[in-house]
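Residue strings, one per chain:
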Amino acid sequence: MRSGLTGATDGSILAVDLATGATATAATGLSMPNGLAQLPDGGFVVSRDIGATTALTRVASDGTGAHALAPELTFTNGLAYDPARRKLFVSTTFDATTTIAAVDADAPSAAPARITLPGFGPLNSADDLTVGPDGAVYVALNVAGQIVRVDPDTGRHCTIADGLPFATSVRFGQGPGWDPNSAYVTSFLGTVTRLTP
């Protein structure tokens with residue numbers, strides 16, 4: 001948080017080899033990188049939800065050329081790239097209006113499409129998000145303690161889980177032991193909650 005408030009550029013992106021635990025630095029010189037997504041060309045996008053500049057930062061695959069992406073988005077947090085739609089979905093945390101934005105990978109300078117969720121933004125505190133196997137976007141509302149499903153094509157949305165205090169992230173199961181039809185929610189309380197259909 002200190003780096004975000006002061007603008008310190010001591011943040012980095014690390015690659016972790018899950019088999020060995022070895023790490024390699026992919027990019028440096030970032031200010032409080034929070035959310036992370038990788039684009040089809042191998043480049044990265046990081047979000048920042050605290051500080052004077054809370055837009056997205058785009059970094060090339062070799063870790064160079066950091067520059068603002070979709071600067072009209074503020075208090076950016078969760079990121080998920082959808083290869084089927086070629087869109088980068090972005091949540092906003094502290095804006096007065098909770099927004100799920102879609103940045104077009106083929107026209108990154110175009111104004112992002114936006115879907116607005118009900119409720120005062122900081123009291124929702126939209127955190128991380130993911131694209132589910134059904135193509136919908138699932139977002140964790142941290143303070144509201146909810147998981148919301150959003151249809152990115154129609155903007156329709158519904159709450160699929162409530163009563164999850166300080167939910168930070170939602171992901172569908174992948175790999176041995178994780179059910180691909182279930183969503184798993186982490187929280188600031190150190191819990192992991194499984195959501196089944």
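Residues numbered from 1 in each chain as written. Predicted model: local features only at pLDDT ≥ 70, side-chain atom pairs only at ≥ 80, totals over all residues. Heavy atoms only, no water.

Draft legend 1. The arrangement of the overall build of the chain in detail. Secondary structure summary: the chain contains two helices and 17 strands in total. For 197 residues, the compact-globule formula gives about 16 Å, and the C-alpha radius of gyration of the chain, at 16 Å, lands near that figure. Within the chain, the fraction of its 197 residues that count as buried is 46%. When contacts within the chain are restricted to residue pairs at least 6 apart in sequence, those whose partners lie at least 24 apart make up 34%. Measuring between centres, the 11 positive side-chain charges of the chain sit 2 Å from its 17 negative side-chain charges. (Helix = DSSP H or I, 4+ residues; strand = E, 2+ residues; numbered from the N terminus. Rg over C-alpha atoms; globule rule 2.2 N^0.38 Å. Buried < 20%, exposed > 50% of the residue type's maximum accessible area, 1.4 Å probe, protein only. Contact = heavy atoms within 4.5 Å. Lys, Arg positive; Asp, Glu negative; His and termini not counted. Charge placed at Lys NZ, Arg CZ, Asp CG, Glu CD.)

Draft legend 2. Expanded view of the sheet that holds strand S4 (residues 44-46). The strand order across the open sheet built from four strands is S3-S4-S5-S6, with neighbouring strands paired in antiparallel fashion. A single partner strand is all that each edge strand has here, and the edge strands are strand S3 (36-38) and strand S6 (67-69). Averaged over all pairs of adjacent strands, the angle between their axes in this sheet comes to 30 degrees, without regard to strand direction. Note that S3 and S4 share three bridges and pair antiparallel. Across the sheet, Gln 38 pairs through a bridge with Phe 44, a residue of S4. (Pairing = 2+ DSSP bridges. Axes fitted to C-alpha atoms, helices over the stretch in contact; angles between N-to-C directions.)

Draft legend 3. Molecular detail of the environment of Thr 92. Turning to its location among the elements, Thr 92 is positioned in strand S8 (residues 87-92). Residue classification places Thr 92 among the buried residues on the basis of a relative accessible area of 2%. Along the chain, Thr 92 and Ser 182 lie 90 residues apart, while their C-alpha atoms are 25 Å from each other. Excluding anything up to four places from it in sequence, Thr 92 contacts Thr 74, Phe 75, Thr 97, Thr 98, Thr 99 and Ala 126. Reaching out from Thr 92, the side chain makes a polar contact with the backbone nitrogen of Thr 99 at a distance of 3.2 Å. (Polar contact = N/O pair within 3.5 Å; in protein donor to acceptor, adjacent residues only side chain to side chain.)

Draft legend 4. View of a nonpolar patch on the surface. On the surface, Leu 14, Val 16 and Leu 18 cluster together into a nonpolar patch covering about 350 Å² of accessible area. Within the secondary structure, Leu 14 sits in strand S1 (residues 11-16). (Patch = residues over 30% accessible without salt bridge, like charges linked within 9 Å, V, L, I, M, F, W, Y side chains within 5 Å. Areas by Shrake-Rupley, 256 points an atom, 1.4 Å probe, with all protein chains shown as cover. Salt bridge = Lys/Arg side-chain N within 4 Å of Asp/Glu carboxyl O.)

Draft legend 5. Broad picture of unusual backbone geometry. In the Ramachandran plot, Ala 70 falls in the positive-phi region, its phi being about 50 degrees despite a non-glycine side chain. You can see Ala 70 is positioned in the loop between S6 and strand S7 (76-82). Look at Ala 70 and you get buried, because its relative accessible area is 5%.

Draft legend 6. Broad picture of the pattern of salt bridges. For the coordinates displayed, the defined rule picks out eight salt bridges. For Arg 85, the salt bridge goes to Asp 153, with nearest N and O atoms at 3.0 Å. Separated by 68 residues along the polypeptide, Arg 85 in the loop between S7 and S8 and Asp 153 in the loop between strand S13 (146-150) and strand S14 (157-161) bring together distant segments of the chain. Residue classification places Arg 85 among the partly exposed residues on the basis of a relative accessible area of 24%. With a relative accessible area of 59%, Asp 153 lands in the exposed category.

Draft legend 7. Just the environment of Ala 22, in detail. Relative to the assigned elements, Ala 22 resides in the loop between S1 and strand S2 (23-30). Of the residues examined, Ala 22 reaches a relative accessible area of 43% and is grouped as partly exposed. Each C-alpha atom of the pair Ala 22 and Ser 125 lies 33 Å from the other, and the pair is 103 residues apart in sequence. Beyond its immediate chain neighbours, meaning those up to four positions away, Ala 22 contacts Ala 15, Val 16 and Asp 17.

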